[in-house]
Amino acid sequence: MNKKDLSELKKHFSRSDDLLTVRRISVTFIDSEKEVRCESVRGYHEIAEEEISCIFESLSKVLKGTLGKGLIEYPFPNEMYEDDKSQNLLWTVLENGLDADESRDKLVEHIREHMVYVMPYALFLAECVYTVFEKNRNDEKNKFDSHEYRFLIGAVCPVEARVDGLIYDEENNDIIRKTTYDRVVADAPTDGFLFPTFTGRGPDVNHVMYYTKKPKDPNVSIVEEVLGCQFTLSAQEEKETFRAVLDRAVGEELNLNVIASVNEKITDYAKAFKDEPEPPVVSDIMMRDILLDSGVTQERAEAAQQLYRETADGNYFTASNLTDNKTTLTSSGVTVSISGDATSKVTTRMIDGRKFLMISLDDPEVTVNGFQMKIQ
């Protein structure tokens, strides 16, 4: 599933879109003790407008992540198509529909049993159909040739107990303390999934898309235990691993200029190919060349290339996951943030055996906490 496929599905995943049909929706509330407290399966048009608008908003957010960060596609291992395994459970529900109690109950039970979640949550499952019109070489739609893409989309929304304190009592015309509490379902899901993926404008039942609201802290139990896939590094873990590779291989040559140069070159590369169907990745050869262009010696650059190749093991890191919008220098009690186009104004120096950070103040106006600073 590439950016173009995802963009098309996002565009048509709308309540007002004539090409999308939401057939049935399952809503399950599971408490903090992992017990199912209530469950319902209803046709889309059976649900009240106020409720369906909230549910659909939650489901739509599952598709609003960025590929490679909040949205990660995983292949199913071969054994996941066996009975009572994740791929088989999802496929059975897709084939039988959410109103088939046995297959739906097996899937919900599988999620309830295997997902690690620290608070009560609502599980939304929707059975959908998107009518896909074929296109010619000029990307023009053929209104006489179409096929159906049937899919399941799921959203996991936390449920919070909330006490509002003082409330206005209309019956007694008084302000009183509220003695009961509400369980509020968050409209923003923390996790979700799409099955099958929409690949090449059609279904790919051998892959599933996992969504996380927090790319830096994904719920690994959903990927490995619920979906049965092999978890790969999150966006934050890719960045941290990449930093560790550079720190270990480049060593003492990893100075301010090298760090800023590597960040700038990878940022430029990510921007240049941001519209490509697949998110651009940094290969081991590219990493070596970037380091050489940044002033690192041949020996160190090749050592970094080898270490990166071994660490990534063929799954090279997404370029946009490895960059920072600004350069931040931190020492005890001091933090200096530098925008990308100003790194050339900063250098490091050794003076009388002490390390100094030197900032060229080309602009005569310098402010500190909003005050105009006078340079003596």
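For the structure itself, consult the block above.
Heads up: these notes are all about the structure in this document. Computed from a predicted structure; not experimentally measured.

### Topic: the side chain of Ser60
Thinking step 1. Secondary-structure assignment places Ser60 in helix α2 (residues 49-61).
Thinking step 2. Take Ser60: its relative accessible area is 9%, and that puts it in the buried class.
Thinking step 3. Within polar-contact distance, the side chain of Ser60 engages the backbone oxygen of Glu57 at 2.8 Å.

### Some remarks on a nonpolar patch on the surface
Thinking step 1. Together, Leu357, Ile359, Leu361, Val368, Met373 and Ile375 line one region of the surface with nonpolar side chains, adding up to about 500 Å² of accessible area.
Thinking step 2. Among the secondary structure elements, Ile375 is positioned in the segment after β18 (371-372).

### Some thoughts on unusual backbone geometry
Thinking step 1. Here the amide bond leading from Phe195 into Pro196 is cis, since omega sits at -15°, within 30 degrees of zero.
Thinking step 2. When you line up the elements, Pro196 lands in the loop between β9 (191-195) and β10 (197-199).
Thinking step 3. For Arg201, which is not glycine, the phi torsion reads 65° and is therefore positive.
Thinking step 4. Examined against the element boundaries, Arg201 turns out to sit in the loop between β10 and β11 (202-204).
Thinking step 5. Even without glycine at this site, Asp313 takes up a positive phi of about 55°.
Thinking step 6. You can see Asp313 is positioned in the loop between α9 (298-312) and β13 (326-331).

### Some words on the pattern of salt bridges
Thinking step 1. Per the stated rule, a full pass over the model turns up 20 salt bridges.
Thinking step 2. Note that Arg42 is salt-bridged to Glu51, the shortest N-O span being 2.6 Å.
Thinking step 3. The salt bridge involving Lys106 is made with Asp84; its shortest N-O contact spans 3.7 Å. Taken together, the positions of Lys106 in helix α4 (residues 101-114) and Asp84 in the loop between β3 (71-75) and α3 (86-96) put the pair 22 residues apart, joining distant regions of the chain.
Thinking step 4. In this structure Asp84 comes out as partly exposed when scored by relative accessible area, which is 48%.

### A few points about the packing of aromatic side chains
Thinking step 1. Here the structure, examined in full by the defined rule, presents 11 aromatic pairs.
Thinking step 2. An angle of 55° between the planes, with centres 5.3 Å apart, marks the rings of Tyr269 and Phe273 as tilted.
Thinking step 3. The exposure class of Phe273 is partly exposed, given its relative accessible area of 38%.
Thinking step 4. The structure contains a cluster of three or more aromatic residues connected by ring pairs, namely Phe13, Phe56, Tyr130, Tyr149, Phe151 and Phe198.

What counts and how
Throughout this document, residue positions are counted from 1 along each chain, in the order its sequence is written. Only residues with pLDDT of at least 70 get local features here, since the model is predicted, and only at 80 or more are side-chain atom pairs given and counted; chain-wide, interface and lining totals rely on the full set of residues. Water and hydrogen atoms play no part in the side-chain values, which are based on all heavy atoms of the structure. Every helix listed is a DSSP run of H or I at least four residues long, and every strand listed is a run of E at least two residues long, numbered separately from the N terminus. Think of it in three bands: residues with accessible area under 20% of the maximum for their type are buried, residues over 50% are exposed, and the middle band is partly exposed, with areas taken using a 1.4 Å probe on protein chains only. Whenever two N or O atoms come within 3.5 Å, that pair is a polar contact, provided that in protein one can donate a hydrogen and the other can accept it, and provided that, for residues adjacent in sequence, both atoms are side-chain atoms. Patch members must show over 30% relative accessible area and no salt bridge, and they are joined within 9 Å when carrying like charges or within 5 Å when they are nonpolar side chains of Val, Leu, Ile, Met, Phe, Trp or Tyr. Computed with the Shrake-Rupley method and a 1.4 Å probe, the accessible areas treat only the protein chains shown as cover for residues. The salt bridge criterion pairs a side-chain nitrogen of Lys or Arg with a carboxyl oxygen of Asp or Glu, the two atoms within 4 Å. Aromatic pairing here means that ring centres of Phe, Tyr or Trp (its six-membered ring) are within 6.5 Å. Orientation follows from the plane angle: under 30 degrees is stacked, over 60 is edge-to-face, and everything else is tilted.

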